[in-house]
Amino acid sequence: MSRDEQLKQRWDKVVTLLSNQFAEGDILDLDAIIYLIGVQELGKVHQKFKKDEKLNLMHIAICRLLEPYGYYEFDYFDKDGWPHYIVKEELPTLKAGEQSVLMKGAIVDYFLEKELIE
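Residues numbered from 1 in each chain as written. Predicted model: local features only at pLDDT ≥ 70, side-chain atom pairs only at ≥ 80, totals over all residues. Heavy atoms only, no water.

Comments concerning the pairing of strand 2 (residues 83–87)
A regular strand places its side chains on the two faces of the sheet in alternate fashion. For strand 1 (residues 72–77) and strand 2, the ladder comprises five bridges, and the chain directions are antiparallel. Bridge pairing links Tyr76 to His84 in strand 2. (Pairing = 2+ DSSP bridges. Helix = DSSP H or I, 4+ residues; strand = E, 2+ residues; numbered from the N terminus.)

Below, the structure is given as structure tokens:
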């Protein structure tokens, strides 16, 4: 099986898992999954978030997801428990499709690391 086929199969598992758990079977998109990862990383799963906090949650998720790739490094938790990251390496300029593949691969790796999929 090619790496692309394996990524697609694993991505489909992630989408199915999260869609069934959080969207009553409606299919979650990439942004929704990134948001959920941000909530998970913050650890405040039952809290309501304002619009700007939702954007911050997505930023946390992106930093966490791209940390293993060397783009970000965890720095500290602030007094409210929000994680902060530093940029280690600037992201390359990517087309929208390439960004999507990068993020899907990072999300799949995250779920493999957490042993939520195989």
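With respect to the packing of helix 2 (residues 30–42) against helix 3 (residues 51–66)
For any two helices packed against each other, one specifies the inter-axial angle together with the distance between the axes. In the contact formed by helix 2 and helix 3, the axes pass within 7 Å of each other and the chain directions differ by 85°. One element, helix 2, and the other, helix 3, form an angle in the roughly perpendicular class. Judged by residue contacts, Asp31, Ile34, Tyr35, Ile37, Gly38, Val39, Glu41 and Leu42 of helix 2 engage Lys54, Leu57, Met58, Ile60, Ala61, Ile62, Arg64 and Leu65 from helix 3. (Axes fitted to C-alpha atoms, helices over the stretch in contact; angles between N-to-C directions. Parallel < 35°, antiparallel > 145°, perpendicular 65-115°, else oblique. Contact = heavy atoms within 4.5 Å.)

Topic: the packing of aromatic side chains
Counted according to the given criterion, the structure contains four aromatic pairs. Between Phe74 and Phe77, the ring centres sit 4.8 Å apart and the planes meet at 55°, which makes this aromatic pair tilted. Classification of Phe77 by relative accessible area gives exposed; the value is 52%. A network of ring pairs unites the aromatic residues Phe74, Phe77 and Tyr85 as a single cluster. (Phe/Tyr/Trp six-rings, centres within 6.5 Å; stacked < 30°, edge-to-face > 60°. Buried < 20%, exposed > 50% of the residue type's maximum accessible area, 1.4 Å probe, protein only.)

Comments concerning the environment of Pro83
Along the chain, Pro83 falls in strand 2. Look past the residues within four positions of Pro83 in its chain and what remains in contact with it is Leu42, Ile60, Phe74, Tyr76 and Phe77.

Description of the environment of Leu17
Looking at the element boundaries, Leu17 is found in helix 1 (residues 3–22). In this structure Leu17 comes out as partly exposed when scored by relative accessible area, which is 33%. Taking the C-alpha atoms as reference points, Leu17 and Asp31, separated by 14 residues in sequence, lie 15 Å from one another. Apart from the residues within four sequence positions on either side, Leu17 is in contact with Phe111 and Leu116.

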